[in-house]
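# Descriptive structure summary
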Amino acid sequence: DEELVIRPLHSGDIYASFQFRTVWDTDFMGGKKVSHYRLFPKSLGQVISKFSVRELHISFTQGYWRTMQWGQPFLPSPPGAELWVWFQDTVTDVDGTWKELTNVLSGIFCASLNFIDSTNTVQPSASFKPLGIGNVTDHRFLRYATLPREIVCTENLTPWKKLLPCGSKAGLAVLMKSEKLFHSSFHSQAVHIRPVCQDWQCKSTSWELRQTLNVVFDLHSSGQGKREWSLFKMFSRTLTEACPLASSSKIYIDVTDNPQGEQFELSPATPLLSQAVVLGDRRTYSVYDLTQQATFGSMRSLNMLLRWKSSDGECDMMRPLLHGERYVAGYGLQTGEIHTLMYNHHPYRAFPVLLLDTVPWYLRLYIHTLTVTSKGKDNKPSYIHYQPSKDRVRPHLLEMLVQLPPNSVTEVTVQFERALLKWTEYTPDPNHGFYVGSSVVSALVPSVVAMDTNSTQERPLFSSFFPSKEESSYFVRIYTEPLLVNLPTPDFSMPYNVICLTCTVVAVGYGSLYNLLTRTFQVEEPSPGLAKRLANIIRKMRGVPPL
Amino acid sequence: MPRDKAGQFFGSGHTNNWAVTCTSQFWFNYRHVANTLSVYRSVKRLGIPDSHIVLMLADDMACNHRNPKPATVFSHKNMELNVYGDDVEVDYRGYEVTVENFLRVLTGRLPPSTPRSKRLLSDDRSNILIYLTGHGGNGFLKFQDSEEISNVELADAFEQMWQKRRYNELLFIIDTCQGASMYERFYSPNLMALASSQVGEDSLSHQPDLAIGVHLMDRYTFYLLEFLEDIHPASTTNMNDLFKVCPKSQCVSTPGHRTDLFLRDPGSVLITDFFGSVRKVEITMETINLTSPVEQVEDK
C-alpha cells in the first residue's frame, strides 16, 4: 500500500507524509529459513532472520519538529539517527547481536551507525513498548540508541528508495527527488518493521514493513513566499501512475479547515472524502485514488494544486496538548544544569507522561539535585528508574513517570559536571561541541473525540500506526531538542610545543653544563708586534731560538 | 565440476574494484569533495558499479546548512554539473574517514562485522584505482585536519596488498600540494602513480563561485574531469594521454607521474582498464549443468 498525506500548516508551510506498507505473510518465529522474497526487500528480510529481530525502528531526521507551530506529526522522530530494536527471546547475547546489527544496518543505509556502541545504547525499562503484537514485557531484549550528530543526505535516501517494491520508478516514490526533499525545514525518513495480525482472529502473524518519509516545506525557501502549493512546486514532479504492485495507492489532502472551500481552493476536485480520527482530532480528507485511471484525467498526470484565497484570516489550529522543551543553563566549562520543560495544554485533564533521558557519561549528572516542579510546587514522580553511567562504558539512563497537572508547565532540572576526555577521544573538531540526544516523552493523551478500535486494515495508514487501546486517548511521543554542550577542550598543539620546549631546554642546559665540565683552558701568548715578528724570522733563519 | 568452470569464467580478465577518498573537513574544503565526487561520477558512468566502489567523504557538503542548494555539489561555477546526483552511495562518511580505516580498507584487515559495502573485496585479478585529495605536504597527506598519513605508510600498505595478492595493477592519483612526494617511496610492482604537483609546489584551486562562496574544484581534477568526459567505454585512449592532462600553462603546478614500477608499457594501458569496468568475455559452446549445485544448497 502506498499513501501520501498533505496537510497545510497554519504558518503557511506544508507538511507531506509518505507511507509505504509491505506485508509479508511468513513466520520467522519458528526458525524456518526463508529464501523466497517477492515484495519484501531481501536485505531487510535477511537481517530480521539472522539477528532474530522482533521489531526494528530506525529513523533519520534532519531538522527539528516545531510542535507549537506545526502541530503533532504523524510519526515523531528526533534529529539525527535513532534506532530501537526488540529482539526475540531466543537471543542469548543481546549486546553482541546489537553490535552486529548496527554494523549491518550502517552498510545498508550508508550511515555511520557503527558509532552506536555501549556508550550510547540504553535499555529502557518502561518506554518504547513494542508496537507490534505480542505481550512482551522483558525489557532485556530492548535496545535504544540515538546519534544526534548524524547527517541525512541523498546517500541515505538512495538505499531507502531501493527497498520499495517499485523503487523510485512508479507510484508515489516518483516524487522523491533529493534536491527538493532536502531543501526543506524538516526531513525525516524511517523504516519500521513489526509483526502484525493477519486478520481479526489473529491466528497467524505476518511481517509489516512501513517506510515513512515526512517533509515540511517552508513557505519562503520552497514556496517563494506565495501561498500556493502544488505537487510540482513541492517535488518538481507530477504523478502519472500508481505503483502496479500496490494494492492501494491514495493521496489524502487535509481539508478540515476548509469545509466549504473558503480558505483555499483544491484542484482538480475530487468527490471522495474520508474522515479519520488521528491524534485525537477528527479530520476530513479529500482522497485521490491513484489506482483509478480517472484520477489522472485527460492529461494522464496528476498535479494537485492548493491555492489560498486571501492572505489574512488565520484561524487557530488546535493547540497540541503536550509539548516539550529542553535547554542547558549555567556558565563556564565546569558545571551546568539541564532543564526539561513539559507543557500540558489540556484545560482540565491531568495525565501521566513517561520521560526518558539518555545523557552521555562525560556529563556527570548529580542525581541528588534532580527536582521536578509543577506550578511552583514539588511534583514527585510515581516511578523512577535510574541507571548511573560508567565512564566510557555506559551512559546515564533516567526514566520517570510524572503526572502533569492540567494547564501547567512541569520543569525537571538536574545539575551536571563536565568531564575531561582523553585526548584521543576528542572528535577532529571538538570545538563544535558534543551532542546530547533528545529526551523522549511518551504519553497517552486524553482525546476529545472517540476512536473506534477496529482492525487496522481499512483505516488509512497514517492513523493506524500506533495501536490504540482506550477509546478516549491516543498515544503521543514527543522528542525535545538535542543539546549541544561544550566540553573543556585542550589545546591540541601542546604535545608539539612541549616536545620543542623540552628539547631546547635539555639541549641548552645539558650542553652548557657539559661544556663547562669538560672544557680545558690554555693560556695563549698574544701575538707579538711587527718588529718582533721580523726579528723572529731572521733568528729562525740564523737557527737561533725566537724572542 | 560445473562450479569450477564458473569460477574460472569470472576469474579471467580483471574485475575492477576501486577506492576513492576525500580527506578534508569543513565547508571551505568544498572543492575536495567536489573533486572526489567528479571522479566517482566518471567512474560510475564508465561502468563500475557501486558495490565495487568504496567512497569516503570526510564531511558532508551537499546537505551542509551552508549550502545554498541542498543535496547538490557543483563542479563548475555556472552550476552546470551536479556531481552529487541522485544515486550516490557513500560508504565512509564523517568521522569514519580516518587513516586507520583507510589503511584497513586497503589491506583488508577489517573487523568481521564490517558490511560488504565497506570492504575492498579485490583479488589478484583486480585493477584498482585510488584517488586521494585534500591538503598535503612533503611526504604526508592530512586527514580530517587532525592526523596525517605518510608516504612510507602508504608504500607499506601497498606492499601488504601485493603480498596478499589484492591487486593486479594499481593506479594511484593524488591531487594535493606537493603530491609527488607521496609516491616517491613506493616499492611494490605494478603501481602507476600520478600527482598534481611536484615537491615544493602547491596545487591550486580553480574557480570560486560567488553564490556558494567557496572554490569549487581544484585545477588538476577539473582538467582531469574534462578529459574523462570524452572517454566512453569503448574508447582506446591510453595512459600517455592521461599524463598530458593539465600542463603547466593550465595548472600552474607541474603534474608528475611514475611508471618505473609498472610492468607494462603505459602506452599500451587503456584508460578504461582502470576507470571503467570492461571485462574480457570468453565464449564457450559447452552446456553447463546447473541442477546439482542447487540440490546441495537445499540439503543444508
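Residues numbered from 1 in each chain as written. Chains lettered and ligands numbered in written order. Predicted model: local features only at pLDDT ≥ 70, side-chain atom pairs only at ≥ 80, totals over all residues. Heavy atoms only, no water.

## A look at the domain arrangement of chain A
Residues and elements named next belong to chain A. Segmentation of chain A into domains returns domain 1 (2–308) and domain 2 (322–485). Relative placement of domain 1 and domain 2: their C-alpha centres are 24 Å apart. Contacts between domain 1 and domain 2 engage 46 residues on the former and 50 residues on the latter. Both sides of the domain 1 and domain 2 interface together cover about 4,100 Å² of buried area, and 62% of this is carbon and sulfur. Contact with domain 2 buries area across many residues of domain 1, yet Tyr 64, Thr 119 and Arg 149 alone supply 14% of it, more than any other trio. Its salt-bridge partner being Arg 149, residue Asp 429 comes within 3.4 Å of it at the nearest N-O pair. If you look at where domain 1 meets domain 2, you find ten residue pairs in polar contact (both at pLDDT 80 or more). (Domains from an automatic or database assignment. Contact = heavy atoms within 4.5 Å. Buried area = accessible area lost by both parts, 1.4 Å probe. Salt bridge = Lys/Arg side-chain N within 4 Å of Asp/Glu carboxyl O. Polar contact = N/O pair within 3.5 Å; in protein donor to acceptor, adjacent residues only side chain to side chain.)

## Let's talk about the side chain of B:Asp50
Residues and elements named next belong to chain B. Tracing the chain through its elements places Asp 50 in the loop between helix H2 (30–45) and strand S2 (53–57). What makes Asp 50 buried here is its relative accessible area of 16%. Polar side-chain contacts of Asp 50 include one of 2.7 Å to the side chain of Tyr 40. (Helix = DSSP H or I, 4+ residues; strand = E, 2+ residues; numbered from the N terminus. Buried < 20%, exposed > 50% of the residue type's maximum accessible area, 1.4 Å probe, protein only.)

## Considering the sheet that holds strand S7 (residues 186–197) of chain A
Residues and elements named next belong to chain A. The strand order across the open sheet built from eleven strands is S5-S6-S4-S3-S7-S8-S2-S1-S10-S13-S12, with neighbouring strands paired in mixed fashion. The sheet is open, and its two edges are formed by strand S5 (121–122) and strand S12 (273–278), each paired on a single side. Against the sheet, helix H3 (residues 94–109) contacts strand S3 (53–62), strand S4 (80–87), S5, strand S6 (142–147) and S7, and its axis sits at roughly 135 degrees relative to S4. Relative to S7, helix H4 (residues 154–162) is tilted by about 30 degrees, and along the sheet it contacts strand S2 (14–24), S7 and strand S8 (205–217). (Pairing = 2+ DSSP bridges. Axes fitted to C-alpha atoms, helices over the stretch in contact; angles between N-to-C directions.)

## Thoughts on the confidence of the model for chain A
Per-chain confidence: chain A averages 83 in pLDDT, with 90% of residues scoring 70 or above. This model gives residues 450–457 of chain A a pLDDT under 50, and the stretch forms 19 contacts once residues within four places in sequence are excluded. (pLDDT = per-residue confidence, 0-100.)

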